Each structure stands twice: as C-alpha cells, then as structure tokens.
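Chain residues, written in single-letter form:
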Amino acid sequence: MKTVYSPLHAGHAGQMELVTSAIVPGFEKPSRAEFIRARVESEKLGPIIRPLEHDLAAAKRIHKSDYIDFLPTVWPQWVASGHEGTAMPFTWPTRGLRGDVPPKRIDALLGYYSFDAGATFVEGTWAAIKSSYDVALTAAGLVKGGERSAFALCRPPGHHAGAGFMGGYCYVNNAAVAAQWFLDQGAKRISILDVDYHHGNGTQEIFYDRADVQVLNLHGDPMVEYPFFLGHADERGTGAGEGFNINYPMPFGTGWDAWNASLEDACARLTAYAPDIVIVSLGVDTFEKDPISQFKLTSPDYPKIGRRIARLGLPTLFVMEGGYAVEEIGINAVGVLTGFEDR
Ligand code: FKS
Ligand code: ZN
C-alpha cells in the first residue's frame, strides 16, 4: 500500500496545550508522524509519496466557507495583534450566549470557531493543515484510481472538526472531506469507520442528517471521556440520516475482547450498508500505554484490526487520526496496515 506524507506537518510544532490544571507542551507533536513514517519504511509497507496540491473547493463541500477562509488568517492576525506564543481561545459561545455574530478580535474569533482550546496555532499550523488535507485527497485519488487501499499519513488529525468549528487538535476533517470527494466523483455510499479512542464528533455532526455516508464510531464513553458532549449510543442520525450514525461508547479499561465485539458489530452493519468505499479514521490511542486514553489494546491487537477490515473486501482509505504513545505509534498504526495486507 502506498503512503501519502508531507514534511510540512512538522511546522505545526511547539504549541502549548491546556489540560485540566496546567498548560503543557502539546501531546499532538511532530514526532508522532515521524515515528509512523519511519515504521512504514522499516516494515516496507510500500512507496511513500508526496501529496498533490489541491485548491480548497473540496474542503468547502464539507466545511462552511467563512470557517475555511478564516484558518489561514489566524496566525497573521495573532501576530498583528501583538501576541506571541501559541494562539489559543479562552471564550466560547455556549448556551445563553449568541453564537452568530463573529467578533473582531482574533482571540475572540478563535473561540467563535472552536469548541475547546485544543486547536491551537503556531506559525506553521496553516501550512500543516493544508498539507494534511492534500495528503487525504491525494490518497483518496489513489483509491479512486483503483488501488485496493492507501494510507493518508495526515497530521494534524481531523475527526473532531465540524462544518464550522475546530477543536481537539483538529481543523479540517480530512476523512469527511475525502468521503464527500468520493461521492462527488460518482460513489453512491461511503462508510467511515472511526476506531480512534475519542468520539469523532465532527464527523458525526457533518453527516448526521445524511444517508449517503454511514458513520460508525468506537470510542470512550462520553459520560466520562473527551469530547464529552457527543457520542452516546442513542445518537442514531436524524431525518434521512436516521440509522446511519452508529456509536459504540465503551468504559475505561476496555480491552480487546469487548472492543472487538464492537468492531464485529460495526463491520456487520457496514457490510449490510454495502458502501462503495470504506474510510478508516485510524487512531491508535486505544493502546494500553497511551498517555491520555483509557483503553487496553496491545500491539498484537492492531494487525487483527487490519485483518478484519480487509475481510470487508472493499476499497479502503486509511486516514491517520490520534495516538500519543509516540514510541509505539508506528508499530501500532503500521500494524493495522500490515494486518490489512495480511503479512
Ligand atoms: C487530555 C484531555 C483531552 C484532547 C484530546 C484530543 C484527542 C484528539 C484525537 C485526534 F484523533 F483527533 F487526534 N484532550 N487530558 O486523538 O481524537
Ligand atoms: Zn483520539
């Protein structure tokens, strides 16, 4: 399988992150992608190619136009306002506040377009976001062109980004953009299988009222886990989308057997939906040693995930999402891919 990778991700570096009681160096850091790339090489998964540049039309098929236009302006506005360091929001329009009037200050605009403080900006952030988008679309093009599978080594990730908001390290929803692109190229149905530890709230929001994209999400129970405000089992889609959104919230401590039971159910529903293409939102923060997560998958489990996905027998696009145990992230992410290739 080919991997699509851009070195431009590395400019999104050095940003700080707000956690429960402190501001700390970001968990979502460049070494994540570099460990994965090194493992792709050492495992001889296949060629690593650079992305083609795309305009932003495909992003605007999923995201609001004003939101996409805002992203490249953040860092220049932040600097022009006399700020330095990490650009990060501190105020959000929530219940009881108006969310429909964009303020004029960049610090406030960041909150207007975010649901948390987790989508931060430094100088190279926009170039990294754009490269991640190009990586996803280029890999999608490989699958459209007839390859059985492709790996989009996206960084930053995307599944928390909604139509008009960022958060949780995510800005542009790479998997959602790819799904819409496949539909625009003539596909009739797409399934997105999100195996990241965190609920893909952005992906769910984007496709919630649609029947042409089935969204299956395996994740930590939002009663106790980020992103907290979406991802419950009773969220099944609305209108034409009723029944096409399926959530599998699972408790802290979930290991392979219970997680795999959810995967099996998801795969059965996916097969029943009979999509033209499967997009896997590939997070490996389900790993037992992940520093911010609470599931207990082990490294030998990841090839099993890949093998099960391969048994779906469908063209498959893997889109990288989370995973923060950087020493093992390459072993686990590439383990899914070599498992898919049954080797
Ligand atoms: C940690 C609190 C939670 C935010 C976690 C974001 C997870 C992002 C992700 C993605 F795939 F998008 F990268 N902080 N103490 O892994 O879902
Ligand atoms: Zn995650």
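These remarks concern the structure in this document. (Residues numbered from 1 in each chain as written. Chains lettered and ligands numbered in written order. Predicted model: local features only at pLDDT ≥ 70, side-chain atom pairs only at ≥ 80, totals over all residues. Heavy atoms only, no water.)

1. A closer look at the site of ligand 1
Applicable threshold: We call a residue near a given molecule or strand whenever any one of its heavy atoms falls within 4 Å of it. By the criterion applied in these results, polar contacts are pairs of N or O atoms within 3.5 Å in which, for protein atoms, one can donate a hydrogen and the other can accept it, and in which residues neighboring in sequence qualify only through two side-chain atoms. Under the convention used here, a 1.4 Å probe and the Shrake-Rupley method define accessible areas, while residue burial counts only the protein chains that appear. Space inside and on the surface of the protein is sampled on a 1 Å grid over the protein atoms alone, with a cavity defined as a set of points where a 1.4 Å probe fits but cannot get out and a pocket as an open set with protein on both sides within 12 Å along at least 5 of 7 lines; lining residues have an atom within 4 Å of a point. Whether a molecule lies in a cavity or pocket depends on its atoms, and more than half of them have to be within 2 Å of the grid points. Three classes are used, and their members are as follows: Ala, Val, Leu, Ile, Met, Phe, Trp, Tyr, Cys and Pro are nonpolar, Asp, Glu, Lys and Arg are charged, and the others, Gly among them, are polar.
Lining the immediate environment of ligand 1, one finds 14 residues, of which His 159, His 160, Asp 285, Gly 322 and Tyr 324 sit closest. Between ligand 1 and His 160 there is a distance of 2.7 Å, counted from an oxygen atom to a side-chain nitrogen or oxygen. At a separation of 2.9 Å, an oxygen atom of ligand 1 approaches a polar side-chain atom of Asp 285. A total of 460 Å² of accessible area belongs to ligand 1 in isolation, and the protein chains cover 85% of it. Here ligand 1 is seated within the largest pocket. Grouping the constituent residues of the shell around ligand 1 by class yields 6 nonpolar, 5 polar and 3 charged.

2. A closer look at the pairing of strand S8 (residues 245-250)
Applied cut-off: When a residue's accessible area, from a 1.4 Å probe over protein chains only, is under 20% of the maximum for its type it is buried; when over 50% it is exposed; and in between it is partly exposed. Numbering of helices and strands starts at the N terminus; helices are DSSP runs of H or I of at least 4 residues and strands are runs of E of at least 2. Being paired, for any two strands, means DSSP has found at least two bridges between them.
The element S8 is largely enclosed, with a buried count of 5 among its 6 residues. Here 6 bridges tie strand S7 (residues 213-220) to S8, and the two strands are oriented parallel to one another. In the strand pairing of S8, Leu 216 is matched with Ile 246.

3. Focus: the packing of helix H1 (residues 30-42) against helix H11 (residues 326-340)
Cut-off, in case you're wondering: Whenever a helix is involved, its axis is fitted only over the stretch in contact; in every case the axis is a line through C-alpha atoms, and angles between N-to-C directions fall within 0 to 180 degrees. Angle categories are assigned with fixed cut-offs, so that under 35 degrees is roughly parallel, over 145 is roughly antiparallel, 65 to 115 is roughly perpendicular, and the rest are oblique. Working rule for handedness: look at the near helix, and if it is turned counterclockwise from the far one by less than a right angle, call the crossing left-handed; if clockwise, right-handed. The contact definition used throughout considers only heavy atoms, calling two residues in contact when any of these lie within 4.5 Å.
Running from amino to carboxyl end, H1 crosses H11 at an angle of 45°, the nearest separation of the two axes being 8 Å. As summarised for this structure, H1 and H11 are arranged oblique, according to the angle between their axes. Both H1 and H11 take part in a crossing whose hand is right-handed. Contacts between H1 and H11 involve Ser 31, Arg 32, Phe 35, Ile 36, Arg 39 and Val 40 on the former and, on the latter, Val 326, Glu 327, Ile 329, Gly 330, Ile 331, Ala 333 and Val 334. Here the contact of H1 with H11 is composed, by residue class, of 8 nonpolar, 2 polar and 3 charged.

4. Here's the deal with the sheet that holds strand S5 (residues 149-152)
One open sheet holds the 8 strands; their spatial order is S4-S1-S5-S10-S9-S6-S7-S8, and the pairing between them is parallel. Of all strands in the sheet, those with a lone pairing partner are strand S4 (48-49) and S8, marking the two edges. Inspection of the sheet shows strand S9 (residues 277-282) paired to strand S10 (residues 316-320) by 5 bridges, in the parallel sense. Pairing of Ser 281 across the sheet is with Val 319, part of S10.

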